[in-house]
Amino acid sequence: MMRLLVKAARWSAGHPWRAVAGWVLFVVVCLGAGISVGGVAATSADFRIGEAGQAEAMAEDGGLQARPLERVLISVKEGGDTASLDGAARDVSARMRALPEVEAVAAPVRSADGRSVRVDVTMRGPELEAKKHVEPLLAQTAAVQKAHPELVVDESGSPSISKDVQGQRDDDLARTEMLALPITLIVLLLVFRSVVMAALPLLLAVSSIVAAIGLSMVASHVFPDAGVGTNVILLVGMAVGVDYTLFYLKREREERARSGGRLSSAAVVGLAAATAGRTVVMSGLAVAVSSATLYLADDVIFGSLATGAITVSLVAVVSSLTVLPALLAVLGERAERRAARRGVRAAEPARRTGRITGAVLRATGRRPALTLAVATALMLALAAPLLGLKLTDVGRETYSRDLPAVAAFHRVNDVFPELSSVHRIVVRADPARKGEVGDGLAALAQRAGTDPLFTGRPRVLTSADHRVSVLELSVPHYPSTEQAQESLRRLRQDAVPATVGALSGVEVAVTGDVARYADYPEHQKDRMPLIIGALLLATFALTVRAFGSPVLGLLGVLLNLLSAGAALGLLTLVFQGTWAEGLLGFTSMGSIGSRVPLFLFVILFGLSMDYQMFVISRIQEAVRGGMPARQAVLDGIGRSASVVTSASLVMVTVFASFVGLHLIEMKQMGFSLAAAVLLDAFVIRLVILPAAMLLLGGRAWRPGRRKAAIPASTGQSMQNVG
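Note that the structure is a prediction, hence the values are computed from the model and not measured.

## Things to note about the overall build of the protein chain
Right, on to step 1. In terms of helices and strands, the protein chain carries 23 helices and 11 strands.
Right, on to step 2. Here the C-alpha radius of gyration of the protein chain, 30 Å, is about what a compact globule of 722 residues would show, namely 27 Å.
Right, on to step 3. If one aligns the C-alpha atoms of the protein chain with their principal axes, the spans along those axes are about 90 × 50 × 50 Å.
Right, on to step 4. Residue burial in the protein chain is summarised as follows: out of 722 residues, 54% are buried.
Right, on to step 5. Here the analysis covers contacts within the protein chain between residues at least 6 apart in sequence; of these, 81% occur between residues at least 24 apart.
Right, on to step 6. Only carbon and sulfur atoms are counted for the fraction: they give 60% of the accessible area of the protein chain, which is about 29700 Å².
Right, on to step 7. Looking at charge distribution, the protein chain has the averaged site of its 72 positive side-chain charges lying 16 Å from that of its 60 negative ones.

Here it is as C-alpha cells:
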C-alpha cells in the first residue's frame, strides 16, 4: 500500500495541474451523476419497524393504510360570537374540495364547548409525499382567515408539520454552515498563520462534501435516503476532510524543513505520503468500516447515515492522497523560491512540545499508574449517568412551537384531546370469517370503552374484499406520555389477546402513533448488541492490521469504549434533565432520542481512530528508529499533540454548531459529538493513552510484530523515496 501511495503522491506532485484538473473533474462528475440519476427517497414501507410496521403492512394490503391528513381548526376569538363558525366551515370545505391535491373532506365537527369547529381534509398520494403538495391547502386556509377576521383559522397535520420542520432544518443548517466555516477558518489561521494554507483544508473538505452528496444520490438507488444523508455528510465531511488534510500538511511541512532544500517537492511529498498518507488511508477505512455497522440496524434512517458517512470519508481520503500532494508541491515550491530570494534556508522543525502538553506528559511520565487511575476514574464518573439512560422516539409534540403548523397542532389537540393519539388494531383473516372478526373487534371496542385511558368513538374500517379490518381507538394523551404507553401495554398484553387475538388463524397487530413511538426504541435496543459487537471487532482488527499488535488493538477498543461512555453519560446528564434547558435552548423530553446513542457510538469509534492512528504511528516510528519505548511514547505524543489539538478544535467547532439547531435530536448529536471529541483529544490521547503505553512499555509492540510498514528513520526514508 505504501508503494502505491508514494507513487500516486509523486505523480501528483510532478503533474500538479493535471491532478487539480482531475480532482475538479471528479467532483463535477460525481455531482453531475447524482443530479442526472436523482436521489431515491425512502417510502413509508422503508420506515416500518416491529409490530407497528407489521400492522401497517397488513393495513396497506387491504388499502387501509394511514392517509395524509390535514385538520383545519376554526375558533371564536375571546368574547366573540359563534354565529359565523358554520359559514367559515362551509367555506373551508368548498375551497378544499376544489383542490386537485385533496381526495376527501369530512363533515365539520364541533368541539364540546361549541366555540370551535374542525374540518378534516384527506390528501391524495403517499403520506411521505404530501408535504410537497400541502402549500395550496395552506393558501386556502389563509384565504379563509382573511375572509373571516373575527375568527382564528389554523391548519395542522403531518404534511404541514413535516413541511415546516424541514424548512426550519434547512434554515438551521444554512445558518450553521455560515457560522462553522468562518470559525473553522480562524482556527486554521491560528495553526498555520497563512491564509492560503488555512484555506486549503477547508477547500478540500467542501469539495469532498460536494462530491459525496452527488455519490450519495447515486447510492440512494440501493440505500434509500431517509432525508438525513446530507446532514451527516456535512457533519462528518467537515470533520474528517480537515483532519486528513491537517495530518498530511503537518508531515509535509516537517519533511520539507528537515530536507533543507536537498529534496525535490515530489520527493518531500512522497515522504509525507509514506507516513501521513498511510495514516489517512487507515483512518478513512476505520470511519467507513465503523459506519458500515449501522447497516446492521435494519433501519432506513441508520442506513442513510451509514451511506453518507462512508461516502464522504472515502472521498476525503481520495482528495488527501491525490489533489492535496499536487497543491502542497506547488505551494512548497513557491515558498522555497521566496526563501531563496531572501537568502533564507528552511529550518529544521522544532521538536519541542508545547508547554501545557509538556507539563501533562511530564506528570504522566513521573507517575503513569496514578495518572491512569485518576483519569480513568474521571471518565467513569462522567459515564455514570448512562446507567439512567432512557431512550424514546421523538414525537411531533417535541418540535418547536415557533412553527405555525406545530402551534396549530397543539391548539387542535387542546380543543379535541381525543386526537392526541390513535391506536390502530389491524386484523387480517379469511373473508369468510368477517363475522367473527367483527364480533371480536366489537368486544375489543366495548372493553376499551370502559377504560379511562381511552376516549372518543371507536371506528371500524374494512377492506373491499373483507380480508383486512382496522379498529381505531383514541387516547387523549400524546404518545410520549406514560398514560399513552400504558394504554398500548393494556391493548397488546390484555385486551387484544382476550378478544380478537383469541381467534385462531387470524393475524392481529397494533400500530398507530403510540405503537410506533414504543416499537422504534425497542428495535434499536434489540439490534444494539449486534452492532456494538461488530464495531468492537472491526476496531480491533483495523488496529492490529495497522500496527501488528493485538495489545494495541485491545487498548484501542477499551479507550474508545471509555470515551464513548463518558460522552453518553454527559449527554444523559445534560439533556435528560431540565437544568440545562435555558443554557442550550431546548425543552427536555426526559429522555434521549433513540437514534442518538447508537449514531454517536459508531461515528465516535470511527473518528477516534483518526487520532489513534496518527498518534500511535508517531510512537511506532520512534520505536522502530531505535528509541527506547518510554521515550518513544513521550516523543511521539508530544510531536503529534499540536495536530491532534488543532484537528479536535476544528471538529468541536463543526459539531458544536449543531447545538444551535431547533431539532432536539440534531442538538443532542452535536453536543455529544463535540463533548466526545474534546474528551478523546485531551483526556484519552494526552493522558490515558500515554500512561497506559508507558506502563505497557515494550510489551505493547512485541505480540504480532512484523516487518516495519513505516520507514524507521527520516534518513532512510529520504533514500527510499528521494
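## Looking at the confidence of the model for the protein chain
Right, on to step 1. Averaged over the protein chain, the pLDDT score is 87; the fraction of residues at 70 or greater is 94%.
Right, on to step 2. A low-confidence stretch, residues 345-351 (pLDDT under 50), is modelled with 13 contacts involving residues beyond four sequence positions or located in other chains.
Right, on to step 3. Here residues 704-722 is a poorly scored stretch, pLDDT under 50, and it has 46 contacts once near neighbours within four places are set aside; other chains count.

## Things to note about the environment of Val240
Right, on to step 1. By the secondary structure assignment, Val240 is in helix 8 (residues 229-259).
Right, on to step 2. Sequence spacing of Val240 and Val280 is 40 residues, and the spatial spacing of their C-alpha atoms is 9.5 Å.
Right, on to step 3. Excluding residues that lie within four positions of it along the chain, Val240 makes contacts with Val287, Ser313, Ala316, Leu607 and Asp610.

## Things to note about the packing of aromatic side chains
Right, on to step 1. Tallying each qualifying case throughout the model produces seven aromatic pairs.
Right, on to step 2. Where Phe247 meets Phe614, the ring centres are 4.5 Å apart and the plane angle is 10°; that geometry is what we call stacked. You can see Phe247 sitting in helix 8 and its partner Phe614 sitting in helix 20 (residues 596-624), a full 367 residues away along the chain. Of the two residues, Phe247 and Phe614, both sit in the buried class.
Right, on to step 3. Each residue in the set Phe575, Phe586 and Phe671 is aromatic and connected to the rest through ring pairs, giving one cluster.
Right, on to step 4. Note that Arg118 overlies the ring of Phe416, its terminal NZ or CZ placed 4.7 Å from the centroid.
Right, on to step 5. In this structure, Arg595 is placed above the aromatic ring of Tyr520, and the distance from its NZ or CZ to the ring centre is 4.7 Å.

## Let's talk about the sheet that holds strand 10 (residues 507-512)
What links the strands of a sheet is backbone hydrogen bonding, and the strands pair in either a parallel or an antiparallel sense.
Right, on to step 1. Strand order across the open sheet formed by four strands is 8-9-7-10, with antiparallel pairing between neighbours. Bordering the open sheet on either side are strand 8 (455-462) and strand 10, each of which pairs with just one other strand. Taking the axes of each pair of neighbouring strands and ignoring which way they run, one obtains an average angle of 15° across the sheet.
Right, on to step 2. In this sheet, strand 9 (residues 468-475) lies alongside strand 8 in antiparallel orientation, the contact comprising five bridges. Across the sheet, the residue bridging to Thr462 is Ser469, located in strand 9.
Right, on to step 3. Packed on one face of the sheet, helix 15 (residues 434-449) meets strand 7 (421-428), strand 8 and strand 9 and runs near 5° to strand 9.
Right, on to step 4. Running at roughly 20° to strand 7, helix 16 (residues 482-498) makes contact with strand 7, strand 9 and strand 10 of the sheet.

## Some words on a nonpolar patch on the surface
Right, on to step 1. A surface patch of nonpolar side chains, amounting to about 330 Å² of accessible area, comprises Phe540, Leu554, Leu558 and Leu561.
Right, on to step 2. Among the elements that make up the nonpolar patch, the one with the highest residue count is helix 18 (residues 550-575) (three residues).
Right, on to step 3. Of note, Leu558 is situated in helix 18.

## Re the pattern of salt bridges
Right, on to step 1. In this structure the tally under the stated criterion is 33 salt bridges.
Right, on to step 2. In this structure, Asp513 and Arg516 form a salt bridge, with 3.3 Å as the shortest nitrogen-oxygen distance. Residue Asp513 and its partner Arg516 are located together in helix 17 (residues 513-547), separated by three residues, close to a single helical turn.
Right, on to step 3. Its relative accessible area of 38% is what places Arg516 among the partly exposed residues.
Right, on to step 4. Its salt-bridge partner being Glu522, residue Lys525 comes within 3.5 Å of it at the nearest N-O pair. Residue Lys525 and its partner Glu522 are located together in helix 17, separated by three residues, close to a single helical turn.
Right, on to step 5. Glu522 gets classed as partly exposed once you look at its relative accessible area, which sits at 41%.

## Thoughts on helix 16
Right, on to step 1. Helix length check: helix 16, at 17 residues, gives a terminal C-alpha distance of 23 Å against a target of 24 Å (1.5 Å per residue), a fit within 8%.
Right, on to step 2. The largest bend along helix 16 reaches roughly 45° and is located at Leu491.
Right, on to step 3. Of all the residues in helix 16, the buried ones are Ala484, Gln485, Ser487, Leu488, Leu491, Ala495 and Val496.
Right, on to step 4. In this structure, the buried side of helix 16 is in contact with strand 7, helix 15, strand 9, strand 10 and helix 17.

Basis of the calculations
- Throughout this document, residue positions are counted from 1 along each chain, in the order its sequence is written.
- Confidence filtering applies because this is a predicted model: local features only for residues at pLDDT of at least 70, side-chain atom pairs given and counted only at 80 or more, and all residues used for totals across whole chains, interfaces and linings.
- For side-chain calculations, the full set of non-hydrogen atoms in the structure is used, while hydrogens and water are omitted.
- By definition, any uninterrupted DSSP run of H or I lasting at least four residues is a helix, any uninterrupted run of E lasting at least two residues is a strand, and each is numbered from the N terminus.
- Both definitions apply: the radius of gyration is a C-alpha atom measure, and the globule rule equals 2.2 Å times residues to the power 0.38.
- Working definition: with a 1.4 Å probe on protein chains only, accessible area under 20% of the residue-type maximum means buried, over 50% means exposed, and in between means partly exposed.
- Note on definitions: a residue-residue contact is assigned when non-hydrogen atoms from the two residues lie within 4.5 Å.
- Values of accessible area rely on a 1.4 Å probe in the Shrake-Rupley scheme; residue burial ignores everything except the protein chains shown.
- Within this scheme the basic residues Lys and Arg register as positive and the acidic residues Asp and Glu register as negative, but His and the chain ends are omitted.
- Each charge is placed at NZ for Lys, CZ for Arg, CG for Asp and CD for Glu.
- Confidence of the predictor at the level of single residues is captured by pLDDT, which takes values from 0 to 100.
- Note on aromatic contacts: the rings of Phe and Tyr and the six-membered ring of Trp form a pair at centre separations within 6.5 Å, being stacked when their planes are under 30 degrees apart, edge-to-face when over 60 apart, and tilted otherwise.
- By the criterion adopted, a ring carries a charge over it if an Arg CZ or a Lys NZ lies within 6 Å of its centre and within 35 degrees of its normal.
- Two strands qualify as a pair provided that DSSP identifies no fewer than 2 bridges between them.
- Whenever a helix is involved, its axis is fitted only over the stretch in contact; in every case the axis is a line through C-alpha atoms, and angles between N-to-C directions fall within 0 to 180 degrees.
- Exposure above 30% relative accessible area and no salt bridge define the residues that can form patches, which grow by joining like charges within 9 Å and nonpolar side chains of Val, Leu, Ile, Met, Phe, Trp and Tyr within 5 Å.
- The term salt bridge refers to a pairing of a side-chain nitrogen on Lys or Arg with a carboxyl oxygen on Asp or Glu at a separation within 4 Å.
- Expected helix span is given by 1.5 Å per residue-to-residue step, counting one fewer step than there are residues.
- To get the bend at any residue, fit one axis to the seven residues that end at it and another to the seven that begin at it, then take the angle between the two axes.

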